[in-house]
Amino acid sequence: MAVDAITNDFGEVLLWSFWFFIWIAALMVWFRCLWDLFGDRSLSGWAKAGWAILLILVPWLGALIYLIARGRSMNERQRTAAAQMKAEQEKYIQEVASTSKSPTDEIASAKELLDSGTISQEEYESLKAKALA
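All values reported here derive from a predicted model rather than from experimental measurement.

Draft legend 1. Up close: the pattern of salt bridges. Counted according to the given criterion, the structure contains four salt bridges. D40 is the partner of R77 in a salt bridge, and the nearest nitrogen-oxygen pair spans 3.5 Å. On the criterion of sequence distance, the pair formed by R77 in helix 3 (residues 59-98) and D40 in the loop between helix 1 (10-39) and helix 2 (45-57) is long-range, its members being 37 residues apart. In this structure, the salt-bridge partner of K111 is D115, at a minimum N-O distance of 3.5 Å. Taken together, the positions of K111 and D115, both in helix 4 (residues 103-116) and four residues apart, correspond to about one turn of that helix.

Structure below.
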């Protein structure tokens, strides 16, 4: 009866698990290099094509060379992108927070709705109480 080689003993299972981990880590590094490459606005199209060819034809060596040659700038681009995202988020929060009306404005707009007949007196009182709360 033939048994698959991976199931012979626990040591082989650990060895296969180790190699599986290495391949997943290598794929993550490779994809990270590709995303950084195509997200970099400072490189020309020819430079991107050259790096892409290197990363595709010899992925392990290409990723290693890419990390050595452009690792520091990868980090700087990532930090810049994170800082820009944080600034945009803070700007958005400020815009949203500043658009809240004062209680007087809310009551005035509710009164306009009441006068136009859009809402009833009970709804107006509810909006007024909500604005004053």
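There's more to say after this.
Draft legend 2. Layout of the nonpolar core. W30, C33, L34, L37, L43, W51, A52, L55, A63, Y66 and M74 form the largest nonpolar core, which has eleven residues in total. Taken together, the elements giving at least two residues each to this core come down to helix 1, helix 2 and helix 3. Among the elements that make up this core, the one with the highest residue count is helix 1 (four residues). With near-sequence residues (within four places) excluded, W30 lies in contact with L55, I56 and P59. Judged by nonpolar contacts, the second largest core, of six residues, contains A110, L114, Y124 and A131.

What counts, and where the lines are drawn
- Residues numbered from 1 in each chain as written.
- Predicted model: local features only at pLDDT ≥ 70, side-chain atom pairs only at ≥ 80, totals over all residues.
- Heavy atoms only, no water.
- Salt bridge = Lys/Arg side-chain N within 4 Å of Asp/Glu carboxyl O.
- Helix = DSSP H or I, 4+ residues; strand = E, 2+ residues; numbered from the N terminus.
- Core = buried A, V, L, I, M, F, W, Y, C linked by side-chain atoms within 4.5 Å.
- Buried < 20%, exposed > 50% of the residue type's maximum accessible area, 1.4 Å probe, protein only.
- Contact = heavy atoms within 4.5 Å.

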